Structures are given as C-alpha cells and as structure tokens.
Amino acid sequence: MPVGIFRVCLLVITAVVNHPLFFPKDNGTVPENTEEIIRKMKEREESLRLEQLRLEQEIADQEATQKALEKAALVVEETKEEKVRWDMWTALSMVIFLLIELWRQDFQEGNWQDIGGEEDDMAVLGKAFKGVAFPNKAVLASFYEKRILGTTGDMARMREMVEGFADDLLEALRSVCNRDADMEVEDCVGVGSMYENWRVRKPFVCDLIVPFAPPEPYCFRCQTWCSGDSFPPDEQGYGTIKVCRADEDVTGCICDKTKLGEDMLCLLHSQVNTTRPSSEMEDLLCFKNTQYLDADQVMKWFQIAVTKAWNRISHKYEFDLCFSLLDSPGALKIKFRSGKSIAFNLTPVVQYENSDVYFISHFPRSSLAADVPSSTHWFLTFAVYERRFIHLVSKTLPANACHVSCLQILSFLHGKQCSLTGPSGLSNYHLKTVMLHLLQARPSQDWGPEKLEARLQDMLKFLEKCLHEKKLYHFFIGNGKVPAELGFPIVFQRAEPLNLFRPFVLRRDIYRKTVDTFHEMLRNMSALINEYTVHIPLAHTNGIRKESL
C-alpha cells in the first residue's frame, strides 16, 4: 500500500514539472535549436541519400559482375562445344584426306604415267598428225635397214676398244694415287645409248661411270631429296654426300649440335675426332668449311689423276689423249695419227648405299634442265637400272622386237630436225623414257617387228600428249610396278613421281621452241626418212599395205 501511494505521487510531480506553462513563451533559444535540428536533419538526409546511392551502385556493380561471370561461363561452354565440333570436323577431314591419299596411290599404281594406249585416248590425241604423211612399213623397214643396222657393228667395236683402254687407264690411276690419302677408284661401268644398243647419230660416244670411295677411316653418307627432309622443288632429283669418319654415330651426337661449355667434354667423341681442320676436309674434296663433297673439287682431282695416269702409260699407245670439252670435265678424246678420233666420257660417281643408283658429279644436260643448285648437290642417275630393265623386258618380247627400232628412228628424226632448226628442250633421255613407259604398259606381243609403224606412232602420240600436259614422269621414281628382279631401292619407288617436264612450266620460251620443233619434225618426217631410203617400187609398197589390212 505505501509503495502504490509513492508511485502515484511521483507521477503527479513529474507531470507538473513537465507542463508547458512552466516554460516562458519569450524564450529565444527554441527557434535557434529548431533551426539547428532542421539543418542536422537535412545533413542526415543528404548523407542517407548518398549512402543509398552508394549502395545502389554497389548492387548494380554486383549485378553487372554476376552477368559478366554468367556470360563468360556461357562463352566457355560454347567454346567447349565449338571445340568438340571442330575436333569432329578435324577428325572427319583427316579421314577424308587419308581416303583421298589411298585413292591417289591406288590410282597412281593403276595409271602410272597415263600412256594413252587405248584407242579412245589416241583419238583424242594426235592433233599434230592431221595432214601428216606417215611413212608406211616398207619405207620404215628400208630406212632402218640402210641407216640404222649398219652402225651396230661399229658400236660394238668401239665399246670394246674404249673399255679396254679405260681399264688400263684406271689401273694406272690407282698406281699414281696415294692409297692412304686419295680416293679409291673402282672399275668403270658402261651406261647410256651405246650400251643399250640404240645410239644412231655420230659421233659415237661411250659413257663410262667410275665409282670411287674415300680413304680409311672415312666413309660417305648420302642423303637424297626423298629421304625425309624437305627439299625445294628445284632440288628434286638431287642429293648431298657427307664425308664422315666410319666410327661416327650415324644419327649424330648432341655435341655436334649444341655448344658445350669450356669445362665440358663429350664422353663419346674426343676433341681429336670432333675437330677437323678445314685443310683436312678440303683434302677430302669437301666444300670449304663443310663436310659435304664438292663436285667441282672431285672433277679437278679426277682430271689431275687421269693426266698423271696417262703420262705413265702413254708410251704404250700410238695415239694422244686429251680433254675435249670445257663444259664437260669428264669428256676425253683419243686422237690417232691418221686424224681420226674417238670420244668417250669418264665420269666419277658415288654409289648410293648398296644399290646401283649413283650420285654423278656432272651430267650431260640439255637447255631444258635448270642449273645445278650448288656444287654440293649431286644428280642421281638410274642408268644401270634402265639398262637392266631393257635387257630384262627384251627376254619376254618376240624375236627382232621393234622397241629399240622405234627409239632409234625417233632419236634420228629428232636429231636431224634439231640440226636444221636448232636445239630444243627434248633430249634422247626423254625419248628413252617414253619407250620405257610404253614397254611397261603394252603387252609383249605388241612389240613384234611387224608392229614397227604402229608402235612408232604410239611413241609420237604419247610424246605429243606429254608435251601438251607438260608432264613426263621419270620411269623409276615413284613407279610401284618396277620388276622385283631388278632389286630397285624401295625408297625411290615410294617417292613422289618426278616430272621431267617441270622446267617447261617455268620456261615458256623453251617450251614453245620444243613444241614448234616437234611439230616441224612431224611435218618433215617423210622427207627426212626418204632422204636415207632406197627406192621402193610402188607395187611392192601397195602389196605390203594390203597385207596389213
């Protein structure tokens, strides 16, 4: 009870004290406090507004960041999907490419150098033959008998004489060379038209190649354009020859490819083996400051060695020997006292591995051929395999087959035309390549002696087609149908075909000259043949034509 009374009294006192009548109306501090409060309220309102703006900005930034993250995630997801699609397209493209490559190889094997042997192909070709009077069988047979057959015996006697002298000269060369420092010379090998029995134009020239090897402990390591490393188009058909020590690693040591520190030593190669003075490599006929065999250095060494060898044996012979051509370092000429002479080529070569493919230092070249890239690039010759192939195929042909006759007649006609109108881009090697392709494409029975006229027309039409397409493939390179009996290196069979007419694409002037010479030869063919043909009675000619029908 007392506590309740106390609470009521306290409430009354508080109400009396806080009543407005206790404060005078003329108090001047109230307005001042009110304005201060209003000012502070406005400041507070402004600060709250700014804070609100800041918070809104932060919220907007967070939303933008979130959207950016969502967009980035979407882009990454799309990229992954695109990558998957791209990988699928890449895989599909690779499959298509492999199928095309397999088809191309099959097509290449089935249509190696399309020879136009079918009648439909021949109908499309032969535009240059329109209006050309082609000699008949009787005229061709008479021409061949009178102009060609008479030279066969001369070739055989000349080959025998040149080979005997060359063997004697090389034996003397070995005796004058230092066996410990000079190159080791092997026996010579006869190649070319004289040894394939189809050369017709005089003067007869025997082509002999002489393999040589470096002295011990060195060896040759050969690299061709189809060995895996990339070669520019103008170096197709060439290779390089590196002179190495026989005990060197074939793949090469890392010390030869990286610069070792002064305090580091290769445990496989001593300093004596890795450091080769430039004079030592030049003695090995290498290009200056390299290990690559220099064809020019080789020819200089060979000419000096041949001169020394001839001086040793010259007293045994009643003739003189000299170098005949400046632009052909291996060209030699035997001069008899009677004024007659015999020319032959003796050219040093390097054997490719254990095959009969050779790197040849200098090769007789026509105006069609481009310049050699450098003196360290050696041209590859397949002449030994070409001779073997002709000999192998000849065993399957009928007696007195006409394949050599066709090549001889074509070579004669082309040579005669060039003597009248000047040289062209065609060479006898191109003509022989045409014959090799036809030999492989046509059955054996098509080469009987009675088919001389037809096969000669085939060769001319095939040559016309190759000139039109500017495409004549090397017979061996890229040819998967080379007989296994030849033992031809598989690396060249698997290589890309080598177009012998590629320079025609680059040299339009030579191409136009070559085509004009070919067409002129066709127009003059009958006249050129009749010039060396005995008179044949017309009745006899008509009788032969009726028999052919």
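Scroll up for the structure.
Residues numbered from 1 in each chain as written. Predicted model: local features only at pLDDT ≥ 70, side-chain atom pairs only at ≥ 80, totals over all residues. Heavy atoms only, no water.

A. Local environment of the pattern of salt bridges. Tallying each qualifying case throughout the model produces 17 salt bridges. A salt bridge links Asp356 to Arg388; its shortest N-O distance comes to 2.2 Å. Remark: Arg388 occurs in helix α10 (residues 383-394) and Asp356 occurs in the loop between β8 (341-351) and β9 (358-360); sequence separation between them is 32 residues. Under the relative-accessibility criterion, Asp356 is labelled buried at 17%. For Asp458, the salt bridge goes to Arg455, with nearest N and O atoms at 2.8 Å. Pair noted here: Asp458 and Arg455 are both in helix α13 (residues 452-469), with a separation of three residues, about one helical turn. In terms of burial, Asp458 and Arg455 fall into one category: buried. (Salt bridge = Lys/Arg side-chain N within 4 Å of Asp/Glu carboxyl O. Helix = DSSP H or I, 4+ residues; strand = E, 2+ residues; numbered from the N terminus. Buried < 20%, exposed > 50% of the residue type's maximum accessible area, 1.4 Å probe, protein only.)

B. Summary view of the nonpolar core. Counting 115 residues, the largest nonpolar core has Leu169, Leu293, Phe344 and Leu346 as the members making the most contacts within it. Those residues in contact with Phe344, other than ones at most four positions away along the chain, are Val162, Phe165, Val205, Cys206, Leu208, Leu321, Gly330, Ala331, Leu332 and Ile334. Grouped together as the second largest cluster of nonpolar side chains are seven residues, Ile209, Val349, Ala383 and Val384 included. (Core = buried A, V, L, I, M, F, W, Y, C linked by side-chain atoms within 4.5 Å. Contact = heavy atoms within 4.5 Å.)

C. Broad picture of the packing of helix α4 (residues 137-148) against helix α11 (residues 403-421). At a closest axis distance of 11 Å, the pairing of α4 and α11 adopts a crossing angle of 80°. Classed by the angle they form, the pair α4 and α11 counts as roughly perpendicular. Together, Leu140, Phe143, Tyr144, Arg147 and Ile148 of α4 and Ser405, Gln408, Ile409 and Phe412 of α11 make up the contact between the two elements. When the residues that make up the contact of α4 with α11 are grouped by side-chain class, the tally is six nonpolar, two polar and one charged. (Axes fitted to C-alpha atoms, helices over the stretch in contact; angles between N-to-C directions. Parallel < 35°, antiparallel > 145°, perpendicular 65-115°, else oblique. Nonpolar A, V, L, I, M, F, W, Y, C, P; charged D, E, K, R; others polar.)

D. A look at the pairing of strand β5 (residues 238-245). Extensive coverage of β5 is indicated by the burial of seven of its eight residues. When β5 meets strand β10 (residues 378-381), the two strands line up antiparallel, connected through two bridges. Paired with Gly239 across the two strands is Trp378, which belongs to β10. (Pairing = 2+ DSSP bridges.)

E. View of the packing of aromatic side chains. Going through the model one piece at a time under the given rule, you end up with 27 aromatic pairs. An angle of 70° between the planes, with centres 5.4 Å apart, marks the rings of Phe165 and Phe319 as edge-to-face. Of the two residues, Phe165 sits in helix α5 (residues 152-176) while Phe319 sits in strand β6 (residues 319-323), which places them 154 residues apart along the sequence. Summarising the burial analysis for this pair, Phe165 and Phe319 share the class buried. Seen from their ring centres, Trp225 and Phe492 are 6.0 Å apart, and the 35° between their planes marks the pair as tilted. Of this pair, Trp225 sits in the loop between β4 (218-224) and β5 while Phe492 sits in helix α14 (residues 490-493), and the two are 267 residues apart along the sequence. The same class applies to Trp225 as to Phe492, namely buried. The structure contains a cluster of three or more aromatic residues connected by ring pairs, namely Trp225, Tyr352, Phe359, Phe382, Tyr385, Phe389, Phe475, Phe476, Phe488 and Phe492. Taking the ring centre of Tyr195 as reference, the NZ or CZ of Arg159 above it sits at 5.9 Å. Here Arg388 stacks its cationic end above the ring of Tyr385, 5.4 Å away from the centre of that ring. (Phe/Tyr/Trp six-rings, centres within 6.5 Å; stacked < 30°, edge-to-face > 60°. Lys NZ or Arg CZ within 6 Å of the ring centre and 35° of its normal.)

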